[in-house]
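The lines below spell out each chain.
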Amino acid sequence: MFTAMRRIDRQVSTEETIRILEKCEYGVLSTVNQEGYSYGVPLSYIYKDGSIYFHSANDGYKLKNIAGNGKVSFCVVGQKQSMPEKFTTSYESVIVFGQATVVLGQEKQEALLGLLSKYGPDYLEQGKEYIRKSQDRTTVIKITVEHMTGKVRPQ
């Protein structure tokens, strides 16, 4: 169902792919709207237990798109460096394909705590209080990974 990577010589192992996902700061979520147009939005995320989690307001374009079609892709780009003298760029990237769904209860809480730990490790106690106060205004989405590839072009 998923197309093989054209530059197979640049494909990295699953372990390296996960390492890139875990260290990157943000990714781009791509959804499709009801008219068939793609929509890409950058967002913060965590990779946990083989899935990607992100949070959102309770209403918005990406949530409407996911409700209509939960099949999504997610892309991250790690270290990159332009190499103008070689007319190329070195980089590392990951592309994920999966099914996006809303999570609730304990899974939602664990995802929010994971986001807090990744993006605000020096503010855990304040962050926990913020989560407690704002959790009803927050939706958490899980992307269950169906396929992912990592690619690296070294210098």
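About the criteria used
- Residues numbered from 1 in each chain as written.
- Predicted model: local features only at pLDDT ≥ 70, side-chain atom pairs only at ≥ 80, totals over all residues.
- Heavy atoms only, no water.
- 1 Å grid on protein atoms, 1.4 Å probe; cavity = no way out; pocket = protein on both sides within 12 Å on 5 of 7 lines; lining within 4 Å.
- Points joined across faces, edges and corners; volume = space filled by probe spheres on them.
- Nonpolar A, V, L, I, M, F, W, Y, C, P; charged D, E, K, R; others polar.
- Helix = DSSP H or I, 4+ residues; strand = E, 2+ residues; numbered from the N terminus.
- Expected span 1.5 Å × (residues − 1).
- Buried < 20%, exposed > 50% of the residue type's maximum accessible area, 1.4 Å probe, protein only.
- Contact = heavy atoms within 4.5 Å.
- Core = buried A, V, L, I, M, F, W, Y, C linked by side-chain atoms within 4.5 Å.
- Pairing = 2+ DSSP bridges.

In the nomenclature of an unreviewed UniProt entry, the protein corresponds to Putative flavin-nucleotide-binding protein from the organism uncultured Sporomusa sp.

**Q** If you had to explain the layout of surface pockets to someone new, which residues and values would you point to?
**A** Approximately 320 Å³ is the volume found for the largest pocket. The wall of the largest pocket is formed by 16 residues, among which His55, Leu112, Tyr130, Ile131 and Ser134 lie closest to the centre. Of the residues contributing to the lining of the largest pocket, the split by class is 7 nonpolar, 8 polar and 1 charged.

**Q** Hey, could you go over helix H3 (residues 105-119) for me, with residue numbers and the actual values?
**A** The terminal C-alpha atoms of H3 lie 21 Å apart, and with 15 residues this matches the ideal 21 Å at 1.5 Å per residue to within 8%. Inspection of H3 places Lys108, Ala111, Leu112, Gly114, Leu115 and Leu116 among the buried residues, and these make up the whole buried set.

**Q** Can you break down the environment of Thr17 residue by residue, with the values?
**A** Residue placement: Thr17 occurs in helix H1 (residues 14-23). C-alpha separation for the pair Thr17 and Thr149, spaced 132 residues apart in sequence, amounts to 6.6 Å. Ignoring anything within four residues of it in the chain, the contact list for Thr17 reads Val12, Val94, Met148, Thr149 and Gly150.

**Q** I'd like to hear about the nonpolar core, residue by residue, with values.
**A** Taken as a class, soluble globular proteins show a tendency for nonpolar side chains to be buried jointly. Membership of the largest hydrophobic core comes to 21 residues, with the highest contact counts inside it found for Leu21, Leu29, Tyr45, Phe74 and Ile143. Elements with a minimum of two residues in this core: H1, strand S2 (38-43), strand S4 (51-57), helix H2 (61-68), strand S5 (71-83), strand S6 (88-103) and strand S7 (138-153). Discounting residues that sit within four places of it in the chain, Phe74 has contacts with Gly27, Val28, Leu29, Leu43, Tyr45, Ile52, Val94, Ile95, Val96 and Ile143. Counting residues in each nonpolar core, the second largest holds 9 residues, with Ile46, Ala111, Leu112 and Val140 among its members.

**Q** Outline the pairing of S4, supporting the account with residue identities and numerical values.
**A** Where burial is concerned, most of S4 is hidden: 5 out of the 7 residues are buried. Where strand S3 (residues 46-48) and S4 come together, 3 bridges link them in antiparallel fashion. For Ile46, the partnering residue across the bridge sits in S4 and is Tyr53. Between the antiparallel neighbours S3 and S4 lie 2 residues, among them Asp49 with a positive phi of about 55°. When S4 meets S7, the two strands line up antiparallel, connected through 7 bridges. Pairing of Phe54 across the sheet is with Ile141, part of S7.

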